[in-house]
Amino acid sequence: MGRIEVLPSALASQIAAGEVVERPASAAKELIENAMDAGAQRCDIICDGGGVTRLSVTDDGEGMSEEDARLSLERHATSKLRSIDDLSHLTSYGFRGEALPSIASVCRLSLRTRRRESEIGVTLETAGGTQLKVTPAGLPVGTTIEVRDLFYNVPARRKFLRSTGTESSHVTNTVEGAALTRPGITFTLTRDERLVRELLRANTRAERVEQLFEQANLVAIVGERGPLKLEAYLTRPERARPGASGLWLIVNERVVRDRMLATTIAQSFGSVLGAGHYPRGVVYIDLPSELVDVNVHPQKTEVRFVDPRATADAVYSIASRELGSALSLPPSPRNRFGVRNGNQPRTPGISMWGKRKPDDEPTPDAALRQPNPADEQVVEAATVTSSSLPASSIADSAALIATPSAQSTGLVRDISEASTHSTLLIRENTAQTTSGDVRWSSLRFIAQLRQTFLLCEGPVGIYVLDQHAAAERVAYQRLLDQYRSRTMAAQTLLFPVSVELSPEQVELVEQRSEEIAAVGLDVRVRGRQQVTVHAIPRLLQRASPERLLCDLVGEMARSGGRGFSAALEHALSLMACHGSLRAGDTISQTEAQALLGALDTVDFAGHCAHGRPVVAVMSYNELERKVGRR
Amino acid sequence: MQVVVTKKDFSRILDRCQGVADKKGTMPVLGNVLVEVVGPGQLRLAATDLFLAVSGVIPAQVDKGGSIAVGARDLFERVRMMPEGQLSLSVVDGTALTLKAVGTARRFTIHGLPGSEFPQLPKPEPGLPQLNIPVGTLSALIQSTQFSISTDDSRLALNSALIEEENGRLRIVTTDGHRLTKAEANIPNTSSSHTMLIPLKGIQQLKRICDDAMAEAAKADDASSGEPTLELMRQGPNAFFRAGSLEFSVKLVDAQFPPYEQVIPSASERVVRAPRLGVAEALKAVSVAASDRTGGVKLTLTRDTMRFETESPESGEGFDEVGIDYDGPDITIGFNAKYFLDIANAIPDDEILVGLGGELDPAVIRPAATSDAFDFLAVVMPMRI
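The structure contained in this document is the topic of the report that follows. (Residues numbered from 1 in each chain as written. Chains lettered and ligands numbered in written order. Predicted model: local features only at pLDDT ≥ 70, side-chain atom pairs only at ≥ 80, totals over all residues. Heavy atoms only, no water.)

1. A look at the pairing of strand 8 (residues 96-101) of chain B
Residue and element names in this part refer to chain B.
Here is step 1 of the chain: The buried fraction of strand 8 amounts to five of the six residues, a majority that puts the element mostly inside the structure.
Here is step 2 of the chain: Looking at chain direction, strand 7 (residues 86-92) and strand 8 are connected through six bridges and run antiparallel. For valine 91, the partnering residue across the bridge sits in strand 8 and is leucine 97.
Here is step 3 of the chain: Counted along the chain from strand 7 to the antiparallel partner strand 8, the turn is three residues long, and its residue aspartate 93 has a positive phi close to 60 degrees.
Here is step 4 of the chain: The sheet contact formed by strand 8 and strand 9 (residues 107-111) spans five bridges and is antiparallel. By the bridge assignment for strand 9, alanine 96 is matched with histidine 111.
Here is step 5 of the chain: Linking two consecutive strands that pair antiparallel, namely strand 8 and strand 9, is a turn of five residues; a positive phi of about 90 degrees is found at glycine 103 within it. (Buried < 20%, exposed > 50% of the residue type's maximum accessible area, 1.4 Å probe, protein only. Helix = DSSP H or I, 4+ residues; strand = E, 2+ residues; numbered from the N terminus. Pairing = 2+ DSSP bridges.)

This is the structure in structure tokens:
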């Protein structure tokens, strides 16, 4: 007798369920996706006892006939995929035909459905995927799937469930994710008899995001490069959190977890975000379905990009550029998203950007339309990763995402030369009219408060700047500019400062002597554990040379493999911090006004190099309310 | 307390007091000036911020003794509003001072604290050795060095001036770590030696005290009394200065002044003589176009010319030159324009000597004419532009 046997199908389903249905939230996700695929306008979710006792999803979609309903509980039965070719153009959420039977195999499931055309609906009930009971019933159009006693027959799985509260918050999370992907659908979530989410259908993603992040004061950015479109609503850096849990990434209307994308978004904030911190908010990335592969993970929470490098690069360049200017302006108290609306760049129109980047870049049109010869590498890469697909068209699209400069080394990011003029075009096109924008230099400096804050008068409110944060931001930007253009002025010291370092650090100083000199520090090694500093950057001459050197060396040592330039950027921010005007320094009228003017020339001016906000705003409206004028 | 004083005496001391009184500090009492009767016919004013202390005694017609401490600035502003002549001061209830211009209706009342709550000022023990310094000399020494004191109060040694006195020479050295100035002069009949670090605020007050004393002496127009002098005494952590009825004390900075002699080059490779005013004007003009971020100016010595150039991406270029007598190889060196300009302005001579070495060597600037009576030298570290 052979020892190998084919598993009974019920057992096979239960095993498959292990992949798909990990916890109530994953069942909820599958059911909600089915509802969305069925063309629902409205989707009601009920979750009792963390989704274990009862989880029900009701939609008003197209419903199923009795025959379909029976089939839907069979494995690999799906309405969403007919042939392998379809797989590359998937736009529906499900396609494997695994979810429903898997869920059915681990719970008591009831399915009630009616098609619009039929007068009578049907109710199917199963327990553990067997004992099918079918009864006709009068029902509203659409489908309701109710899952009871999840994992009642899989005690092992049940043991691993967390507390009811945790599980229901996971379900809530799933519902929110679904709601973000489809603003056009009304979602309600009833948890233990209480209506906890009611998201009425919204016309735009922005509206839906606002429904979910009511108080968050998000920055909206929008841009595209080639076929890739980016739309993001992110918190200001001061509300960033350690870990990416508050950041929704939605690729082609699918909530995904992608460490690389999340990191890219965080990086595009520059040094404003601390290490390991991520903004909260939502990032929508849309690109042609043939450029992403969603069939990587049973729960489809991971996607694979045909050219991950080019995608990340495009996202980075769009996001950093847009964030840079969005966070540069003093927040206006009036705007819905707390920032300017895209129509008023700091100086009028494109000309300014042209001035800032005088290099002979291709015109926006060229960048959008002409695949550059240099793109061949990408074409190749694309062909390899997607051999089963019509390679040429994909390669073309991929090449469009990767603009010429994306081909060079990773340093490209630092210099951020990738052209994103397209974003500007968008900006101009979608111009809305508001007068919410304020330029820093248009603020009138009134007084210094407690030698810490600068009080300024603006057109719609009062602005209180943190003088240290503002000065630091300016110093940092200037350092960075000088460093990048290799014109760091260095002031020689009368009394060289001797600094004790560890032998490893001294070695590092020796190895990196050229890079250190480029920063404006003149450091000479004196012994195994001693170096002397002979010159420091002119911009930072307030700072103690010892501190500057320790910042730099410490950062270089910490960075390890991260490469010098990232470490340097961070070190510069530290140096800027230690070398700038501090709280407690008095500042004259002229100095203050010069500082305000300088902020206009700086990206991310709204935040110091460590992400603290530079300014607090109070509108005159608010003031008037407070003193009872309104 | 009930006294009558002349406004002139009173406001002269009060002016010094309100310069010392600590206006923004954490101890409100230090913002006050102490007004107290110290003897028959003597009224004393005093103020301190716990680092500096100043007090002065003026003649007064005392009807009733007593003391009070009132806000220095408040008192100063009100006294300024009084007509010249006699002021009557009286304390009501121990905590309010009424200020009245004698013979007029103008009157102020200021609320204050009882004088007993004012901190004790340090006092020198009688019999300490005294050093007499002509105020004119001290004022000139401070004038020509105080600009290079570091304003960074976290670096104690550089945030103060080094005063050295030995063998009849008085020397002040200041540096902010990027430039250094040293001035010295002969003072009469001493055999002692002193070394002390006086904080920036103390130096500024000392300068004003010297200037006041000089102005006073000039007004007195009494040739017989000679140049007024300042008595210097040293006790523990404090230095005491006395000019007439005014006493000023400073808590000395307890830090190590950097070894300044080591950084003064014994000789420069090239020394050129240049007109001070011409150089100052050229520098001032060219620095307008210096990058406001770095203030860097390039100085080039070429045949018979001293050239000043600035360039920066944001402010364009500036150029000027001054004719000199020079016949060596071309030398170019970068400087912070302000450093050079401060020095050019501080030198009391029509011509200066500029000593240069290599591109990263310190530059030495001194007056062309040296005299024992007043010797000046400045070292400026170059800037790599």
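2. Considerations on the nonpolar core
Here is step 1 of the chain: The biggest cluster of nonpolar side chains holds 100 residues, and the ones touching the most others in it are B:Met1, B:Phe10, B:Leu43, B:Leu75, B:Leu89, B:Met306 and B:Phe308.
Here is step 2 of the chain: When residues in this core are grouped by element, the largest group, seven residues, is from helix 7 (residues 337-346) of chain B.
Here is step 3 of the chain: In terms of nonpolar packing, the next biggest core, distinct from the first, is built from 43 residues, A:Tyr93, A:Val106, A:Val171 and A:Ala179 among them. (Core = buried A, V, L, I, M, F, W, Y, C linked by side-chain atoms within 4.5 Å.)

3. Remarks on the interface of chain A and chain B
Here is step 1 of the chain: Across the boundary between the two partners, chain A contributes 18 residues, which contact 22 residues of chain B.
Here is step 2 of the chain: On the surface where chain A and chain B come into contact, there are zero salt bridges.
Here is step 3 of the chain: Here chain A and chain B share six residue pairs in polar contact (both at pLDDT 80 or more) between them.
Here is step 4 of the chain: Elements represented by at least two residues in the side of chain A that touches chain B include exactly helix 16 (467-484) and strand 21 (490-500) of chain A. (Contact = heavy atoms within 4.5 Å. Salt bridge = Lys/Arg side-chain N within 4 Å of Asp/Glu carboxyl O. Polar contact = N/O pair within 3.5 Å; in protein donor to acceptor, adjacent residues only side chain to side chain.)

4. Let's talk about a nonpolar patch on the surface
Here is step 1 of the chain: Together, A:Leu7, A:Leu11 and A:Ile15 give the surface a local cluster of nonpolar side chains, amounting to about 260 Å² of exposed area.
Here is step 2 of the chain: The topology assignment puts A:Ile15 in helix 1 (residues 9-20). (Patch = residues over 30% accessible without salt bridge, like charges linked within 9 Å, V, L, I, M, F, W, Y side chains within 5 Å. Areas by Shrake-Rupley, 256 points an atom, 1.4 Å probe, with all protein chains shown as cover.)

5. Some details on the packing of helix 1 (residues 7-20) of chain B against helix 4 (residues 200-220) of chain B
All names here are of chain B.
Here is step 1 of the chain: Two elements in contact, helix 1 and helix 4, have axes separated by 10 Å at closest approach and are oriented at 170 degrees. By the angle between their directions, the pair helix 1 and helix 4 is classed as roughly antiparallel. For the pair helix 1 and helix 4, contact is made by Arg12, Asp15, Arg16, Gly19 and Val20 and by Lys201, Gln205, Arg208, Ile209, Asp212 and Glu216, respectively.
Here is step 2 of the chain: Here the residues of the contact of helix 1 with helix 4 are counted per class, giving two nonpolar, two polar and seven charged. (Axes fitted to C-alpha atoms, helices over the stretch in contact; angles between N-to-C directions. Parallel < 35°, antiparallel > 145°, perpendicular 65-115°, else oblique. Nonpolar A, V, L, I, M, F, W, Y, C, P; charged D, E, K, R; others polar.)

6. Things to note about unusual backbone geometry
Glycine aside, residues mostly have negative phi, and peptide bonds are mostly found in the trans state.
Here is step 1 of the chain: Non-glycine residue A:Asp192 carries a positive phi angle of around 45 degrees.
Here is step 2 of the chain: Examined against the element boundaries, A:Asp192 turns out to sit in the loop between strand 7 (186-191) and strand 8 (194-199).

7. Things to note about the sheet that holds strand 5 (residues 61-64) of chain B
Residue and element names in this part refer to chain B.
Here is step 1 of the chain: Spatial strand order, 5-1-7-8-9: five strands in an open sheet with antiparallel pairing. Among the strands making up the open sheet, the edge pair consists of strand 5 and strand 9. Recorded for the sheet is a direction-independent mean angle of 20 degrees between the axes of neighbouring strands.
Here is step 2 of the chain: Contacts from helix 1 reach strand 1 (2-6) and strand 7 within the one sheet, and its direction differs from that of strand 1 by about 90 degrees.

8. Comments concerning the pattern of salt bridges
Here the idea is simple: oppositely charged side chains can pair when their charged atoms come close.
All names here are of chain B.
Here is step 1 of the chain: On inspection of all chains with the given rule, the structure shows 40 salt bridges over all chains.
Here is step 2 of the chain: The residue glutamate 164 makes a salt bridge to arginine 171 at a minimum N-O spacing of 2.6 Å. Neither residue differs from the other here; glutamate 164 and arginine 171 are each classed as buried.

9. Looking at the side chain of A:Gln491
Here is step 1 of the chain: If you trace the backbone, A:Gln491 turns up in strand 21.
Here is step 2 of the chain: For A:Gln491, a relative accessible area of 0% gives the class buried.
Here is step 3 of the chain: One polar contact links the side chain of A:Gln491 to the main-chain carbonyl oxygen of B:Met381, over a distance of 3.1 Å.
Here is step 4 of the chain: Separated by 3.5 Å, the side chain of A:Gln491 and the backbone oxygen of B:Pro382 make a polar contact.
Here is step 5 of the chain: Not counting residues up to four positions away in its chain, the partners in contact with A:Gln491 are A:His534, A:Ala535, A:Ile536, A:Arg538, A:Gln541, B:His178, B:Asn336, B:Tyr339, B:Met381, B:Pro382 and B:Met383.

10. Thoughts on the packing of aromatic side chains
Working definition: an aromatic ring pair is given by the centre-to-centre distance plus the angle between the planes.
Here is step 1 of the chain: Tallied over the entire structure, the rule returns four aromatic pairs over all chains.
Here is step 2 of the chain: An angle of 40 degrees between the planes, with centres 6.1 Å apart, marks the rings of B:Phe241 and B:Phe248 as tilted.
Here is step 3 of the chain: Here B:Phe257 and B:Tyr260 contribute two aromatic rings whose centre-to-centre distance is 6.3 Å and whose plane-to-plane angle is 70 degrees, an arrangement assigned as edge-to-face. One exposure class covers both B:Phe257 and B:Tyr260, and it is buried.
Here is step 4 of the chain: The ring of A:Tyr152 carries the charged tip of A:Arg108 above its face, separated from the ring centre by 4.1 Å.
Here is step 5 of the chain: Stacked on the ring of A:Tyr284, the Lys or Arg A:Arg205 has its end atom at 4.1 Å from the ring centre. (Phe/Tyr/Trp six-rings, centres within 6.5 Å; stacked < 30°, edge-to-face > 60°. Lys NZ or Arg CZ within 6 Å of the ring centre and 35° of its normal.)

11. Some words on the side chain of B:Asp342
Residues and elements named next belong to chain B.
Here is step 1 of the chain: Topologically, aspartate 342 is positioned in helix 7.
Here is step 2 of the chain: On the basis of relative accessibility, which here comes to 17%, the residue aspartate 342 falls in the buried class.
Here is step 3 of the chain: Discounting residues that sit within four places of it in the chain, aspartate 342 has contacts with Phe147 and Arg179.

12. A few points about the sheet that holds strand 21 of chain A
Here is step 1 of the chain: With respect to topology, four strands assemble into an open sheet ordered 22(A)-23(A)-21(A)-27(B), the strand pairing being antiparallel. What marks the edges here is a single partner per strand, and that holds for strand 22 (522-525) of chain A together with strand 27 (383-384) of chain B.
Here is step 2 of the chain: Pairing of strand 21 of chain A with strand 23 (residues 530-537) of chain A, which is carried by seven bridges, proceeds in the antiparallel orientation. Bridge assignment links A:Thr492 to a residue of strand 23 of chain A, and that residue is A:Ala535.

13. Brief notes about the packing of helix 8 (residues 259-267) of chain A against helix 9 (residues 308-326) of chain A
All names here are of chain A.
Here is step 1 of the chain: Between helix 8 and helix 9, the least distance of the axes is 9 Å, while the angle of their chain directions is 30 degrees. As far as their axial angle goes, helix 9 and helix 8 are roughly parallel. Note on packing geometry: the crossing formed by helix 8 with helix 9 is right-handed. Packed against helix 8, whose contacting residues are Met260, Leu261, Thr264, Ile265 and Gln267, the element helix 9 presents Pro308, Ala312, Val315 and Tyr316 at the interface.
Here is step 2 of the chain: Tallied by class, residues from the contact of helix 8 with helix 9 come to seven nonpolar, two polar and no charged. (Left-handed = near helix turned anticlockwise from the far one by under 90°.)

14. Quick notes on helix 3 (residues 135-143) of chain B
All names here are of chain B.
Here is step 1 of the chain: Among the nine residues that make up helix 3, seven are buried, leaving the element largely enclosed by the rest of the structure.
Here is step 2 of the chain: Taken residue by residue, helix 3 has Val135, Gly136, Thr137, Leu138, Ser139, Leu141 and Ile142 as its buried positions.
Here is step 3 of the chain: Buried positions along helix 3 lie against strand 11 (131-134), strand 13 (169-175), strand 14 (179-186), helix 4, strand 16 (229-235) and strand 26 (374-380).

All we've got here are geometric facts, nothing functional implied.
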